[in-house]
Amino acid sequence: MVRTLGLTQLTMIGVGAIIGAGIFSLAAAVAKDVAGPAVLISFLVAGAASLCAAFAYAEFAGMVPKAGSSYTYCAAVLGEIVGWIVGWDLLLEYTAIVAVVAIGMSGYLGFLLDAVGVHLPAWALGAPGTGAGHRIDLLAVVICLAVAWLLTRGTRTSARVETVLTIVKIAIVLLVIVVGLTKVHTGNLHPFAPFGLGGAFTGAATVFFAVFGYDALSTAAEESVEARSKLPKAMMLSLSISMVLYVLVCVVLTGMQRYSDLDPNSGISSAFASAGLSGLANVIAVGAVIGIVTVTFSFMMGASRLWYALSRDGLMPAWFGAIHPKRKVPHRATWTIGAVAAVLAGVLPINAVAELTNIGVLLAFMVVCASVLILRYKKPHLRRGFRCPGMPVVPVLGMLFSGWLMSFLQWETWVRLGAWLAVGLVVYATYGYRRTREVMPGGSVDLDALDEMTDGEEPEPGPERLPVR
């Protein structure tokens, strides 16, 4: 792959991954059903948990300039089997995130189509069980496939599109905040926590989906210029920008319209329409569609780069990790992920997919926080472009936060995760373990070899790593 991404583009990819369905769809759904105006607390709690994990990710990103993100980090410290479990887990989670944000975008796209007099048939308006006559969320399916097509055009081209769309999205979010604050009625904020603090904490477990994205950003390490120094900076910048915007939008959303009246599908646009600002509501709907495209872009990119890393290391068939000879992207993995996400988005409701996403990412965060803690004491000599502050407190807090948030998720979500991980162990036992020994007899990751690399180098081929056949 080609190193073309600088700090600005990396930060825009991070902001693009974080700000999207969380602001435009999920915040309204959680406020209406789970937390009320205390959705503000939900985002703050989720953001605090995410920050602890972000510090751990930033230290690894400043040390291991390789595609693969959590898989590579965990394999390097805790062994190949742990790395595989995390990688297999995130392969599903990233794909599910793409599906979630596509579902969120389809609600706003439907809002826009209705505004211009285009009405889709009932069967195309949502997944089964989400409304009368619903059979498939057709718009969400189209979105997934369209983003897959964009990503296969090449990293430089798709990153430029992502940067422009993210800037437009931020501008529209700022417009929402500035105009919305003038329409806030403090009476709508009472009672602040109608479902109790427990509801706010349960909401944190759900909206956690909206406050990570830097982990997908770290999968672009092999397409980043000066990855060791710029990836950690991009992670911190993207999370900081996003959390400020999230907090302000939560105040606007629940202050403009009573939480019980919020529309979970197009929350902000509906709130502005209820305040007599229908024209602006349409502009916001356009911004939501643009904004959610950037999230879909970032996580589909992350999933395809993760699959590329797993295939390169022999844990999955090399066919999926093939790089397009002209555009230099893993095109087969990208199209496969786009197709699977399209199926999930077409037939599953948003809450079920969001919870599945959260539990997998929280599990990965726990393992990454443990890994960075272990590695700090196991190999203190390794070159680090960023050092996690507050050792060992911050990584431990990251593990505790993540485990605590996982405890609020439904038992069905745990069962689905367990089933997926069981399938992954079977794949590893029957294919991955044997094949990776043929590709890399010495194991998946050699941290000492990585420590000697510059950002633009590959490890020297030697007896510990054989060419992929």
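As a reminder, the structure under discussion sits directly above these lines.
Residues numbered from 1 in each chain as written. Predicted model: local features only at pLDDT ≥ 70, side-chain atom pairs only at ≥ 80, totals over all residues. Heavy atoms only, no water.

**What to know about the overall build of the protein chain**
Thought 1: Helices and strands together make up the secondary structure of the protein chain, namely 17 helices and 0 strands.
Thought 2: The C-alpha radius of gyration computed for the protein chain amounts to 21 Å, which stays within 12% of the reference 23 Å derived for 469 residues, consistent with globular compactness.
Thought 3: The principal-axis extents of the C-alpha atoms in the protein chain amount to approximately 70 × 45 × 40 Å.
Thought 4: Expressed as a percentage of its 469 residues, the buried residues of the protein chain come to 58%.
Thought 5: Accessible surface, the protein chain: about 16600 Å² in total, of which carbon and sulfur atoms supply 68%. (Helix = DSSP H or I, 4+ residues; strand = E, 2+ residues; numbered from the N terminus. Rg over C-alpha atoms; globule rule 2.2 N^0.38 Å. Buried < 20%, exposed > 50% of the residue type's maximum accessible area, 1.4 Å probe, protein only. Areas by Shrake-Rupley, 256 points an atom, 1.4 Å probe, with all protein chains shown as cover.)

**Examining the pattern of salt bridges**
Thought 1: Applying the stated criterion to the full structure yields 4 salt bridges.
Thought 2: One salt bridge connects Glu59 with Arg384, and the closest N-O pair in it is separated by 2.8 Å. Of the two residues, Glu59 sits in helix α3 (residues 39–61) while Arg384 sits in the loop between α14 (350–378) and α15 (393–406), which places them 325 residues apart along the sequence.
Thought 3: Since its relative accessible area comes to 11%, Arg384 is described here as buried.
Thought 4: Here Lys230 ties to Glu226 by a salt bridge, and the two come within 3.9 Å at their closest N and O atoms.
Thought 5: With a relative accessible area of 22%, Lys230 lands in the partly exposed category.
Thought 6: Several salt bridges converge on common partners, so that one network encompasses Glu59, Arg376 and Arg384. (Salt bridge = Lys/Arg side-chain N within 4 Å of Asp/Glu carboxyl O.)

**A few points about helix α8 (residues 196–207)**
Thought 1: End to end, α8 covers 17 Å across 12 residues, agreeing with the expected 16 Å (1.5 Å per residue, within 8%).
Thought 2: Listing the buried residues of α8 in full gives Gly199, Ala200, Gly203, Ala204, Ala205, Thr206 and Val207. (Expected span 1.5 Å × (residues − 1).)

**Remarks on the layout of surface pockets**
Thought 1: In this model, the second largest pocket occupies a volume close to 720 Å³.
Thought 2: Ser106, Gly107, Leu125, Asp137 and Asn265 are the residues nearest the centre of the second largest pocket, which is lined by 32 residues in total.
Thought 3: Among the elements of the structure, α2 (21–35), α5 (80–115) and α14 are those that each provide at least two residues to the lining of the second largest pocket.
Thought 4: Looking at which element gives the most residues to the lining of the second largest pocket, the answer is α5, with 8 residues. (1 Å grid on protein atoms, 1.4 Å probe; cavity = no way out; pocket = protein on both sides within 12 Å on 5 of 7 lines; lining within 4 Å. Points joined across faces, edges and corners; volume = space filled by probe spheres on them.)

**Remarks on helix α1 (residues 7–18)**
Thought 1: Compared with an ideal rise of 1.5 Å per residue, which puts 12 residues at 16 Å, α1 spans 16 Å between its outermost C-alpha atoms and is within 8% of the ideal.
Thought 2: Within α1, 10 of the 12 residues are buried, which leaves the element mostly enclosed by the surrounding structure.
Thought 3: Residues of α1 that are buried: Gln9, Leu10, Thr11, Met12, Ile13, Gly14, Val15, Gly16, Ala17 and Ile18.
Thought 4: Elements that come into contact with the buried residues of α1 comprise α7 (155–181), α9 (214–217), α10 (227–256) and α12 (278–312). (Contact = heavy atoms within 4.5 Å.)

**What to know about the nonpolar core**
Thought 1: Ranked by size, the top nonpolar core spans 146 residues in total, and within it Phe208 and Ile268 carry the most contacts.
Thought 2: Among the elements that line this core, the one with the most residues is α12, at 18 residues.
Thought 3: Ignoring sequence-local partners within four residues, the contact set of Phe208 consists of Ala46, Ala49, Ser50, Asn358, Val361, Leu362, Phe365 and Leu405. (Core = buried A, V, L, I, M, F, W, Y, C linked by side-chain atoms within 4.5 Å.)

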